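# Survey of secondary and tertiary structure
This is what each chain is made of:
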Amino acid sequence: MLIHEKIAAQLPSWRERVTRLARDYGEIVIGEVTIAQVYGGMREVRSLVTDVSFVDPETGIKLRGLSVPEVLKKLPRPRGAKTPYVGGLFYLLLVGEIPSRAEAETVEAEWARRAEVPDHVFKMLKAMPRETPAMTLLSQAVLALQGGSVFARMYQEGMKKDAYWEAALEDALDLTAKLPLLAAFIYRMKYFGETKKLRSNPRQDYGTNFARLMGVPDRKSYAELARLFFILHSDHESGNASAHATHLVGSTLSDAYYAFSGGLNALAGPLHGLATQEAVKWLLSVLDTFGGVPGRDELYKFAWDTLNDGRVIPGYGHAVLRVPDPRFIAQLEFARARFPDDDLLRLAGLVYEVVPQVLKEQGKAKNPAPNVDAISGTLQYHYGVREFDFYTVLFGVGRALGVTANLVWARALGQPIERPKSLTTAMLEEAAKT
Ligand code: HAX
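To keep things clear, this report deals only with the structure shown in the data block.

About the thresholds
- Along every chain, residues carry numbers that run from 1 in the direction the sequence is written.
- Note on the predicted model: pLDDT of at least 70 is required for a residue's local features to be given, and 80 or more for side-chain atom pairs to be given and counted; whole-chain, interface and lining totals, by contrast, use all residues.
- Heavy atoms from the whole structure form the basis of all side-chain values; hydrogens and water molecules are not counted.
- Strands here mean DSSP runs of E at least two residues long; helices mean DSSP runs of H or I at least four residues long; both are numbered from the N terminus.
- Put simply, the radius of gyration uses C-alpha atoms, and a globule should come to 2.2 Å times the residue count raised to 0.38.
- Exposure classes here rest on a 1.4 Å probe applied to the protein chains alone. A residue is buried below 20% of its type maximum, exposed above 50%, and partly exposed in between.
- In this analysis, two residues are considered to be in contact whenever any of their non-hydrogen atoms come within 4.5 Å of each other.
- Note on areas: Shrake-Rupley, 1.4 Å probe, and residue coverage restricted to the protein chains presented here.
- Positive: Lys, Arg. Negative: Asp, Glu. His and the chain ends are not part of the count.
- We put the charge of a Lys on NZ, of an Arg on CZ, of an Asp on CG and of a Glu on CD.
- Only protein atoms enter the calculation, which uses a 1 Å grid: trapped sets of points that fit a 1.4 Å probe without letting it out are cavities, open sets showing protein on both sides within 12 Å along at least five of seven lines are pockets, and any residue with an atom within 4 Å of a point is a lining residue.
- Grid points are joined across faces, edges and corners, and a volume is the space filled by probe spheres set on the points.
- Residues are sorted three ways: Asp, Glu, Lys and Arg are charged, Ala, Val, Leu, Ile, Met, Phe, Trp, Tyr, Cys and Pro are nonpolar, and all the rest, Gly among them, are polar.
- The pairing criterion for strands is at least two bridges between them, as found by DSSP.

Here we take up the overall build of the protein. When helices and strands are tallied, the protein shows 20 helices and 3 strands. By the compact-globule yardstick of 22 Å for 434 residues, the protein fits well, its C-alpha radius of gyration being 22 Å. Its C-alpha atoms give the protein principal-axis dimensions of roughly 65 × 65 × 45 Å. Evaluated residue by residue, the protein yields a buried proportion of 53% over its 434 residues. A fraction of 76% describes how many contacts in the protein between residues 6 or more apart in sequence connect residues 24 or more apart. With the model as given, the accessible surface of the protein reaches about 20000 Å², and the carbon-plus-sulfur share is 54%. Computed over 52 positive and 50 negative side-chain charges, the inter-centroid distance for the protein is 4 Å.

Quick look at the structure:
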């Protein structure tokens, strides 16, 4: 397999670089930890390493060193399409190079070959109560696939440490191949009561196949969005909650299914992936209150009312970023080029002009700019995907690409089980005296 060969060819030099750093420079200090950080969610504590992506606070995510506009420009596209192959993005994350069209298509072909979902997974999903949250269903479906883990089987058979990454790569490809179908099945079953088994079309690319499986009216345009959405949501370095949870679980040598299910459970939280749906709800409540897109002053007051109620403005602020999220900008541009007159989009644009000022005046948020969640749901809503609690499922399908690429490299570079040290309050009080 092409990806396998490409990673295998790079491994000796990566292993040498990492071994040399740990062996010869292991005592070099790269940061310190303050009491504020211990109590403050470990912000800025430099304690993880990944080469798959890096969030620059001032310019945003770099996927293998490339900015969002560069990634969107350089990745190959399906013929006639405006947005790139998702398989090309996965190749970039795994291999570290922009693929040719043929290389991107090999990933798409691997996915097509691995897309089938076993019957027991559909049965399990159908047996769940209808009101089960969509993210619970997705996380369960991922766990239900765990029995097929190549990594778990080969580990039991005595696989050597050097080969862990190869088994992790098999799981990464299998899992990401099945997610669009699982997500679409959950969508149709939960919101429309359709329980017919779905099948992937091996001749369609990841985004086109997903648009067809979802059954949305404007499939061609939705396929463009699906590709963009999955690419933009794929990775945001290792410290965000879904990536970190996946990494932590994987570090125990749990396989990709266990690890990613853990990551999904983190993504389901309101301060993380759930913010997409919260942002659309907030925008709709503005439209509802004013009977349409309000004026700037009305919106300014509405935003202040939200803050004065003790609530956050969803989609704004970020733990690391200090500028508007380039993933927000990319989706805003996509939408403005296609449906500039959509009310929700016009409102999202106005909020982008007004809310940063409000947050600055309040003076609490370190970053008053929008994050990706401020706009993602607006685009889904336009295409008729209006079931809010499904938005985090879409985020999860995209996020799988980044976190499983990280798992492959973590196993390739022999990253150990993660085990930070905890202290007691009395110990910190003692430290505070010195
Ligand atoms: N509205 C109101 N207050 C906000 C705010 C916002 N959008 N963003 C930050 N603040 C407040 C925080 O609640 C915090 O208040 P307290 O001191 O009273 O606790 C203060 O500003 C400082 O927070 P911060 O240091 O700037 O931000 P954090 O690193 O603690 O948190 C969050 C980052 C993204 C969680 C935060 O900005 C937030 O709650 N935003 C709204 C929810 C949201 O959009 N989440 C999605 C984030 C992106 C993501 O992970 N997507 O999956």
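Counted by the stated rule, this structure contains 4 cavities of 30 Å³ or more. In this structure, the largest cavity encloses a volume near 100 Å³. Lining the largest cavity we find 13 residues, and of these Trp-111, Ala-112, Gln-204, Tyr-206 and Asn-209 sit closest to its centre. Among the elements that make up the lining of the largest cavity, the one with the highest residue count is helix α5 (residues 101–114) (3 residues). In the lining of the largest cavity, the residues fall into 7 nonpolar, 4 polar and 2 charged.

What follows covers the sheet that holds strand β3 (residues 66–67). If you walk across this open sheet you meet the 3 strands as β1-β2-β3, and the pairing is antiparallel. Each end of this open sheet is capped by a strand with a single partner; those strands are β1 (53–56) and β3. Sheet topology note: the strand β2 (residues 60–63)/β3 ladder contains 2 bridges and is antiparallel. Each bridged residue has a counterpart across the sheet, and for Leu-63 the counterpart in β3 is Leu-66.

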